[in-house]
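# Analysis of the macromolecular model
Single-letter residue listing:
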Amino acid sequence: MALSLAFSPCPNDTFVFHALVHGLVPDAPPVEVTYADVDVTNTAAERGAFDLVKVSYAALPWLLDDYELLPCGGALGRGCGPLVLTRGDRDDLSGATVAVPGERTTAYLLFRLWSARRPPARIEVVPFHEIMPGVAAGRYDAGLVIHEARFTYPRHGLTALVDLGEWWEGDTGLPIPLGAILARKGAVDPVEATGWVRASVRRAWADPAATRGYVLEHAQEMEPAVVDQHIGLYVNEFTDRLGEAGYGAVNALLGRAARAGLTPPVPPLAEPARA
């Protein structure tokens, strides 16, 4: 029986899951794939919609009753944080309308922690691909962006008001926890799933050319050079294994968010013994 698997069409996800999707991981079951923006998967996971799913770390407090965090496959790192973009005609967000990619995204949680003392006037949830054009056209005063926007925002005539990754790393010394892979309890053995996902990651690293056609097919007209930058930044040692630093970053984010009253509290997460 096929497992249901959901992740975004972004290059880092298609690179990571290429082998698993194409039946190239020994002993892994067939999978049925849904490609969806992380804001969609965050919401669908609350309904238990998928057996394996990529979500935002910020959504974990609402999901851990039904899902278990896998110690691999996600997006966590340094120098890869969300950006707050403007047209360059303002140096703060007082009275601003800010477009964000989802209410339970890690990007928005980091933004709320950063802007707690001087929050903007209004937040609008906007599909990711509409944020930069919307800011450039003046529909929003600022936009919160992720992923390949780090490499392309100057083309829209935009300026980075703040790099939330730099802020987080400077404040905590920890990497930025962005996207997590979850296994639904009772549907997937998390130890087996960890093995499948890690094997898929390592196969992609061993033969990146084999992933190329699949990655570009789903890259939403992204230029190959940007695709390469995207994968190089978001698929890293933490994708293979979260480790002590990775779990420390996740616990720091969720702990700080709970203390600020932004998310429900969760017990500290620890690396499984058989990670």
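Refer to the structure printed above.
Presented here is an overview of the structure given in this document.

So, how was this worked out
Residues numbered from 1 in each chain as written. Predicted model: local features only at pLDDT ≥ 70, side-chain atom pairs only at ≥ 80, totals over all residues. Heavy atoms only, no water. Helix = DSSP H or I, 4+ residues; strand = E, 2+ residues; numbered from the N terminus. Rg over C-alpha atoms; globule rule 2.2 N^0.38 Å. Contact = heavy atoms within 4.5 Å. Areas by Shrake-Rupley, 256 points an atom, 1.4 Å probe, with all protein chains shown as cover. Lys, Arg positive; Asp, Glu negative; His and termini not counted. Charge placed at Lys NZ, Arg CZ, Asp CG, Glu CD. Phe/Tyr/Trp six-rings, centres within 6.5 Å; stacked < 30°, edge-to-face > 60°. Buried < 20%, exposed > 50% of the residue type's maximum accessible area, 1.4 Å probe, protein only. Disulfide = S-S within 2.5 Å. Arc of directions from axis to C-beta. Core = buried A, V, L, I, M, F, W, Y, C linked by side-chain atoms within 4.5 Å. Pairing = 2+ DSSP bridges. Axes fitted to C-alpha atoms, helices over the stretch in contact; angles between N-to-C directions. Left-handed = near helix turned anticlockwise from the far one by under 90°. Polar contact = N/O pair within 3.5 Å; in protein donor to acceptor, adjacent residues only side chain to side chain.

A separate point is the overall build of the chain. Across its full length, the chain holds 11 helices and 11 strands. Against the 2.2 N^0.38 benchmark of 19 Å for 275 residues, the chain shows a C-alpha radius of gyration of 18 Å, consistent with a compact globule. Put simply, 78% of the contacts in the chain that link residues at least 6 apart link residues at least 24 apart. Here the chain displays about 11800 Å² of accessible surface, and carbon together with sulfur accounts for 49% of that area. The average position of the 23 basic charges and that of the 33 acidic charges among the side chains of the chain differ by 4 Å.

On to the packing of aromatic side chains. As enumerated under the stated definition, the model contains four aromatic pairs in all. Centre to centre, the rings of Phe7 and Tyr35 are 5.4 Å apart; their planes meet at 90°, and the pair counts as edge-to-face. Remark: Tyr35 occurs in strand 2 (residues 31–35) and Phe7 occurs in strand 1 (residues 3–7); sequence separation between them is 28 residues. With a relative accessible area of 0%, Phe7 lands in the buried category. Its relative accessible area of 32% is what places Tyr35 among the partly exposed residues.

All right, on to the state of the cysteines then. As enumerated under the stated definition, the model contains zero disulfides in all. Not part of a disulfide, Cys10 finds its nearest cysteine sulfur in Cys80, a span of 13 Å. Taking the relative accessible area as the measure of exposure, Cys10 reaches 13% and is therefore buried. Overall, Cys80 belongs to the buried group, its relative accessible area being 2%.

With that settled, consider helix 8 (residues 208–217). Within helix 8, burial applies to Thr211, Tyr214 and Val215. Around the axis of helix 8, the buried residues are gathered within 100° of arc, so they sit on the same side. For helix 8, the exposed residues lying more than 90 degrees away from the buried face are Ala209, Gly213 and Glu217. Looking at the buried side of helix 8, the elements it contacts are strand 1, helix 1 (11–21), strand 2, helix 7 (190–206) and helix 9 (224–234).

For the rest of this paragraph, the subject is the nonpolar core. By size, the foremost hydrophobic cluster in this structure holds 62 residues, and its most contacted members are Tyr57, Leu60 and Leu69. For this core, the element with the highest residue contribution is helix 3 (residues 106–114), accounting for six residues. If we skip the residues at most four places from it in the chain, Leu60 touches Val55, Leu69, Ala180, Leu182, Leu254 and Leu269. Formed by 29 residues, the second largest nonpolar core is a distinct cluster that contains Val31, Val215, Val226 and Val235.

When you tally the buried positions in strand 1, you get five out of five residues, the bulk of the element. Going residue by residue along strand 1, you find Leu3, Leu5 and Phe7 tucked away on one face and Ser4 and Ala6 tucked away on the opposite face as well. Sheet topology note: the strand 1/strand 2 ladder contains five bridges and is parallel. Paired with Phe7 across the strands is Tyr35, a residue of strand 2. Strand direction decides the pairing type here: strand 1 and strand 3 (residues 52–56), joined by two bridges, are parallel. Across the sheet, residue Ala6 finds its bridge partner in strand 3, namely Val53.

Note on placement: Ser56 falls in strand 3. Discounting chain neighbours no more than four positions away, the residues touching Ser56 are Val38, Asn42, Arg104, Thr105, Thr106, Leu178 and Gly179.

Another aspect to go through is the packing of helix 3 against helix 6 (residues 164–172). In contact at an axis separation of 10 Å, helix 3 and helix 6 are set at 65° when each is read in the N-to-C sense. Between helix 3 and helix 6 lies a crossing whose hand is left-handed. Here helix 3 contributes Ala107, Leu110, Phe111, Leu113 and Trp114 to the contact with helix 6, which in turn contributes Leu164, Trp167 and Trp168.

Take Asp13: it is sitting in helix 1. There is a polar contact of 2.7 Å between the side chain of Asp13 and the side chain of Ser8. Once you skip the residues sitting within four places of it in the chain, Asp13 turns out to touch Phe7, Ser8 and Lys54.

That's the geometry; what it means functionally is another story.
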